[in-house]
Amino acid sequence: YKTIERIMAVLIDLQEVQPLIAELQARQPGLGTILENAMDSLTKAQQAVDPKSMDSLTKVQQVVDPQYAQLALRGSRVVSEYCHERLYDCHWKDVPMIWRHCYACSMAMQSQCLMLLGKNEENIAEALRLCDMGILLGASFGNINLSTLARKLHGIGKEQINTKRAYSVENELENNEPVKKMHITELVLSPPSLQPEHPIESIHRLCPITFQERFLGKNKPVVISGAIAHWRALECWKDLDYLLKVAGKRTVPVEIGSTYLSSKFSQKLQTLQSFLEYLKSPHETEESRHYLAQHQLFDQIPELADDLTIPDYCYVGEGDSVEVNAWLGPEGTVSPLHHDKQHNIFAQVVGYKYLKLFSPTMTPNLYPHEERLLFNTSQVDADNPDLKKFPKFSQAEFVDCVLGPGDLLFLPQGWWHHVRSLSVSFSVSFWWT
């Protein structure tokens, strides 16, 4: 009953989708009709399910007419495929919101159709993948909450896995066989030997008022220790098994290559479980290195956001909007020398990173790219600069630091920074103005 109730609680109401259908009819009448018919079929399938009359989702198949669920599934797939094509018609910021709304809606519909057709590993995994695609590429509207649906689906998947594990352990005990640990070992990370050449000033538990007066107001970087000692993430995220439990089946975007400047740079979508398995394996070349970089993971998976809090320093500025991004990868990941248009409180949670910073006054010596898309990125490899090609770089003064678990770095707006991981690393950036 609880399983049924959790799914039914987030099923789509036809009234929620009517405004979207009307807008789609005006723009693309044929597609609007397909969405309307699919929604009508899903409504009929949903109406057949009374959660109070059942104790497991498997009984849904005995009540739901598969024809309605299949019709809804096919129709919503047509809509999602069409909308997916429209998402790449122009630059992302110029994509009409109707296509992102319709894409998210059709993904939610497909997820629910799969659950109505049967609770099995394949359907749950696919429904969860569809939710994540809707979150990553779509845009929410009304009360349709893909993050909530994904969390509930992930919970059901964990229940099935735990049931299978319990059954397996019971059999092994009966047969006097050793119990196999279903666990990925905790990361063991040692402090690096690298020492900064020109250390950034470091202060323990810096007072926000002092932060504003001495650093934010003067646009000056500072390392802050001890300010996030209360974060649960400092312990939990070291354990890959914990990340698997909370979000292993979720789909995330991963960068592949030495840096985003590489000609061989690419991106792909994969489950977090697959990415965590990669972190345990050897990495052949820089060009095959994987990096979950600059991703709003905590909006997608709010359960992980519960393990941290936004540092008070982010509320010292003029704005109240904070963009939170995750950075998870192996040793050797590099963010090339660049600057951002917002202030950044960079939090190191797991592992170690080396950062080299240059003041905005050093810009003439840093050779920014002339291309519009890369204007904030230097042409110089800060680790191995070609001084024959970029001679003025030798005159660029810098400060640097090594961040370890629990450290924060204030990166002022406009400051150039080069970042390299010294171990497996999990970091969080908080951008604000």
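Residues numbered from 1 in each chain as written. Predicted model: local features only at pLDDT ≥ 70, side-chain atom pairs only at ≥ 80, totals over all residues. Heavy atoms only, no water.

Can you break down the overall build of the protein chain residue by residue, with the values?
Counting secondary structure elements, the protein chain contains 14 helices and 13 strands. Counting across all 433 residues of the protein chain, residues that qualify as buried make up 52%. The long-range share in the protein chain, meaning contacts at least 24 apart out of those at least 6 apart in sequence, stands at 78%. Total accessible area computed for the protein chain in this model is approximately 21,100 Å², and 50% of it derives from carbon and sulfur atoms. (Helix = DSSP H or I, 4+ residues; strand = E, 2+ residues; numbered from the N terminus. Buried < 20%, exposed > 50% of the residue type's maximum accessible area, 1.4 Å probe, protein only. Contact = heavy atoms within 4.5 Å. Areas by Shrake-Rupley, 256 points an atom, 1.4 Å probe, with all protein chains shown as cover.)

I'd love a proper account of unusual backbone geometry, names of residues and values included.
Here N219, not a glycine, exhibits a phi torsion of approximately 55 degrees, which is positive. Mapped onto the elements of the fold, N219 is located in the loop between α9 (208–216) and β2 (222–225). On the basis of relative accessibility, which here comes to 26%, the residue N219 falls in the partly exposed class. The backbone of Y367 shows a phi angle near 55 degrees, a positive value even though the residue is not glycine. For Y367, the location among the structural elements is in the loop between β9 (353–358) and β10 (399–403).

Give a detailed account of the packing of aromatic side chains, specifying residues and quantitative values.
Following the criterion strictly, the structure yields twelve aromatic pairs and no others. An aromatic cluster is built from F211, Y313, F410 and W432, whose rings are joined through pairwise contacts. The aromatic ring of F398 is capped on one face by K356, whose charged end is 4.6 Å from the ring centroid. Directly above the ring of Y367 sits K392, whose terminal nitrogen or CZ lies 5.9 Å from the centroid. (Phe/Tyr/Trp six-rings, centres within 6.5 Å; stacked < 30°, edge-to-face > 60°. Lys NZ or Arg CZ within 6 Å of the ring centre and 35° of its normal.)

Please give an account of the nonpolar core that cites residues and values.
The biggest cluster of nonpolar side chains holds 49 residues, and the ones touching the most others in it are F211, W237, F298, I345, V428 and F430. For F211, the residues in contact, after removing those within four places along its chain, are L206, L216, V222, I224, Y313, V316, I345, F410 and W432. Of all hydrophobic cores here, the second largest spans 45 residues; its members include C83, Y103, L117 and A127. (Core = buried A, V, L, I, M, F, W, Y, C linked by side-chain atoms within 4.5 Å.)

Go over helix α11 (residues 240–247) with me, naming the residues and quoting the values.
For α11, the full list of buried residues reads L240, L243, L244, V246 and A247. Backbone nitrogen of D241 and a side-chain oxygen of the N-cap are separated by 2.9 Å at the start of α11; the cap is D239. (Polar contact = N/O pair within 3.5 Å; in protein donor to acceptor, adjacent residues only side chain to side chain.)

Account for the confidence of the model for the protein chain, naming residues and giving values.
Scored by pLDDT, the protein chain has a mean of 85; 83% of the residues are at 70 or more. Across residues 1–10 the pLDDT falls below 50, and counting only partners more than four positions away or on other chains, this stretch makes 29 contacts in the model. (pLDDT = per-residue confidence, 0-100.)

So, the pairing of strand β12 (residues 416–421): which residues are in play, and what are the values?
The buried fraction of β12 is high, at five of six residues. Here β9 pairs with β12 via six bridges, running antiparallel. Along β12, the bridge assignment pairs K356 with H418. (Pairing = 2+ DSSP bridges.)

Now, about the packing of α11 against helix α12 (residues 272–280): what can you tell me, with residues and values included?
Relative orientation of the contacting elements α11 and α12 amounts to 165 degrees, with a least axis distance of 9 Å. Judged by the inter-axis angle, α11 sits roughly antiparallel to α12. Crossing of α11 against α12: the hand is left-handed. Residues L240, L243, L244 and A247 of α11 touch α12, and the partners they reach there are L272, Q273, L276 and K280. Classifying every residue of the contact of α11 with α12 by side-chain character gives six nonpolar, one polar and one charged. (Axes fitted to C-alpha atoms, helices over the stretch in contact; angles between N-to-C directions. Parallel < 35°, antiparallel > 145°, perpendicular 65-115°, else oblique. Left-handed = near helix turned anticlockwise from the far one by under 90°. Nonpolar A, V, L, I, M, F, W, Y, C, P; charged D, E, K, R; others polar.)

I'd like a rundown of the packing of helix α6 (residues 97–117) against helix α7 (residues 121–137), residues and numbers included.
For any two helices packed against each other, one specifies the inter-axial angle together with the distance between the axes. Across the interface, α6 lies against α7 with an axial gap of 8 Å and an inter-helix angle of 170 degrees. As judged from the angle between their axes, α6 and α7 are roughly antiparallel. Of α7, the residues touching α6 (which contributes R100, Y103, A104, M107, Q110, S111, L114, M115 and L117) are N123, I124, E126, A127, L130, C131, M133, G134 and L137.

Lay out the pattern of salt bridges with the relevant residues and their values.
Two side chains of opposite charge can pair, provided their charged atoms sit close to one another. Considering all chains together, one arrives at twelve salt bridges under this definition. Between R86 and E85 there is a salt bridge whose closest N-O contact spans 3.7 Å. Each of the salt bridges in this network shares a partner with another, and the network as a whole consists of E85, R86 and D89. (Salt bridge = Lys/Arg side-chain N within 4 Å of Asp/Glu carboxyl O.)

Before we move on, could you go through the sheet that holds β9 and cite the residues and values that matter?
With respect to topology, four strands assemble into an open sheet ordered β7-β12-β9-β10, the strand pairing being antiparallel. Only two strands of the sheet have a single neighbouring strand rather than two, namely β7 (334–338) and β10. Each adjacent strand pair in this sheet contributes to an overall mean axis angle of 15 degrees, direction not counted. The pairing of β9 with β10 spans five bridges and is classified as antiparallel. Each bridged residue has a counterpart across the sheet, and for L357 the counterpart in β10 is V399.

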